[in-house]
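The residues making up each chain are set out below.
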Amino acid sequence: MAISTLNRLSSQFNRLPSLSPFTKSLLTRSSAKVADRIVKLSAIDPDGQKREIVGLSGQTLLKALTNNGLIDPASHRLEEIEACSAECEVNIAEEWLERLPPRSYDEEYVLKRNSRTRVLNKHSRLGCQVVLTQDLQGMVVAVPEPKPWDIP
């Protein structure tokens, strides 16, 4: 009973447009065992190598990629969209796009602003705006090469 109520509330939080994904993830975290929150993903690094990574539901994709060494933590310190400059842009495999909530207006703006052609790639998402859930178990994510201005 309590779990179903928590899941229902969690889905309602995820529909609130005024909350950032990071804030929503903080609100929906439960006291469940860590093992119950594990989300296994496949990430393709800039060299084309496929790596299995682990994140926790309620955590952002950015955090999972950073914890597994695929994104430099110094390149993206904040998880709020207002401070984002798209260093955490990733490409999501086609079959997983429909399982993610749609991009917010702010996320689309940041992605377009940082694209050379100002054209939005349908596979592009900001890792700081994608919150992991059990529904994303097995998702395939490609981490592109850092842009020249992101390299120290």
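Within an unreviewed UniProt entry, the label attached to the protein chain reads ferredoxin/adrenodoxin, and the organism entered is Salix koriyanagi.

> Summarise the pairing of strand 2 (residues 50-56); cite the residues concerned and give the values.
As paired strands, strand 1 (residues 38-44) and strand 2 are joined by 7 bridges and run antiparallel to one another. By the bridge assignment, Ser-42 is partnered in strand 2 with Glu-52. A loop of 5 residues connects strand 1 with strand 2, the two strands running antiparallel in sequence, and Gly-48 in this loop sits at a positive phi of about 90 degrees.

> So what's going on with the sheet that holds strand 2? Residues and values would help.
Pairing within the open sheet is mixed, and its 5 strands lie in the order 2-1-5-3-4. The two strands at the open ends of the sheet, each matched to only one other strand, are strand 2 and strand 4 (124-126). The average angle at which neighbouring strand axes cross in this sheet is 40 degrees, direction not considered. Packing of helix 6 (residues 105-113) onto the sheet brings it into contact with strand 3 (89-92) and strand 4, and relative to strand 4 it is tilted by some 115 degrees.

> Run through the packing of aromatic side chains, naming residues and quoting values.
Applying the stated criterion to the full structure yields 0 aromatic pairs. Its guanidinium or amino end placed over the ring of Trp-96, Arg-99 lies 4.2 Å from that ring's centre, counting from NZ or CZ.

> Describe the side chain of Arg-103, listing the residues and the values that go with them.
Within the secondary structure layout, Arg-103 lies in the loop between helix 5 (94-97) and helix 6. There is a polar contact of 3.4 Å between the side chain of Arg-103 and the backbone oxygen of Asn-121. A polar contact is formed between the side chain of Arg-103 and the backbone oxygen of Ser-124, at a distance of 2.5 Å. Excluding residues that lie within four positions of it along the chain, Arg-103 makes contacts with Glu-108, Leu-111, Leu-120, Asn-121, Lys-122, Ser-124 and Arg-125.

> For the pattern of salt bridges, give the residues involved together with the corresponding values.
Considering all chains together, one arrives at 3 salt bridges under this definition. The closest approach of N and O atoms between Glu-94 and Lys-122, which form a salt bridge, is 3.2 Å. Pair noted here: Glu-94 is in helix 5 and Lys-122 is in the loop between helix 6 and strand 4, with a separation of 28 residues, a long-range link.

> So what about the nonpolar core? Which residues, and what values?
In this structure, Leu-61, Leu-65, Ile-92, Leu-126 and Met-139 are the most contacted members of the largest nonpolar core, which totals 30 residues. Among the elements of the structure, strand 1, helix 4 (61-67), strand 3, helix 5, helix 6 and strand 5 (140-142) are those that each provide at least two residues to this core. The leading source of residues in this core is helix 4, at 4 residues. Discounting residues that sit within four places of it in the chain, Leu-65 has contacts with Ala-43, Ile-53, Leu-70, Ile-71, Val-90 and Val-143.

> Explain the environment of Pro-73 to me, and be specific about the residues and the numbers.
Take Pro-73: it is sitting in the loop between helix 4 and strand 3. We classify Pro-73 as partly exposed; its relative accessible area is 48%. Along the sequence, Pro-73 and Cys-88 sit 15 residues apart, while their C-alpha atoms lie 9.7 Å from each other.

Definitions and limits used
- Residues numbered from 1 in each chain as written.
- Predicted model: local features only at pLDDT ≥ 70, side-chain atom pairs only at ≥ 80, totals over all residues.
- Heavy atoms only, no water.
- Pairing = 2+ DSSP bridges.
- Helix = DSSP H or I, 4+ residues; strand = E, 2+ residues; numbered from the N terminus.
- Axes fitted to C-alpha atoms, helices over the stretch in contact; angles between N-to-C directions.
- Contact = heavy atoms within 4.5 Å.
- Phe/Tyr/Trp six-rings, centres within 6.5 Å; stacked < 30°, edge-to-face > 60°.
- Lys NZ or Arg CZ within 6 Å of the ring centre and 35° of its normal.
- Polar contact = N/O pair within 3.5 Å; in protein donor to acceptor, adjacent residues only side chain to side chain.
- Salt bridge = Lys/Arg side-chain N within 4 Å of Asp/Glu carboxyl O.
- Core = buried A, V, L, I, M, F, W, Y, C linked by side-chain atoms within 4.5 Å.
- Buried < 20%, exposed > 50% of the residue type's maximum accessible area, 1.4 Å probe, protein only.

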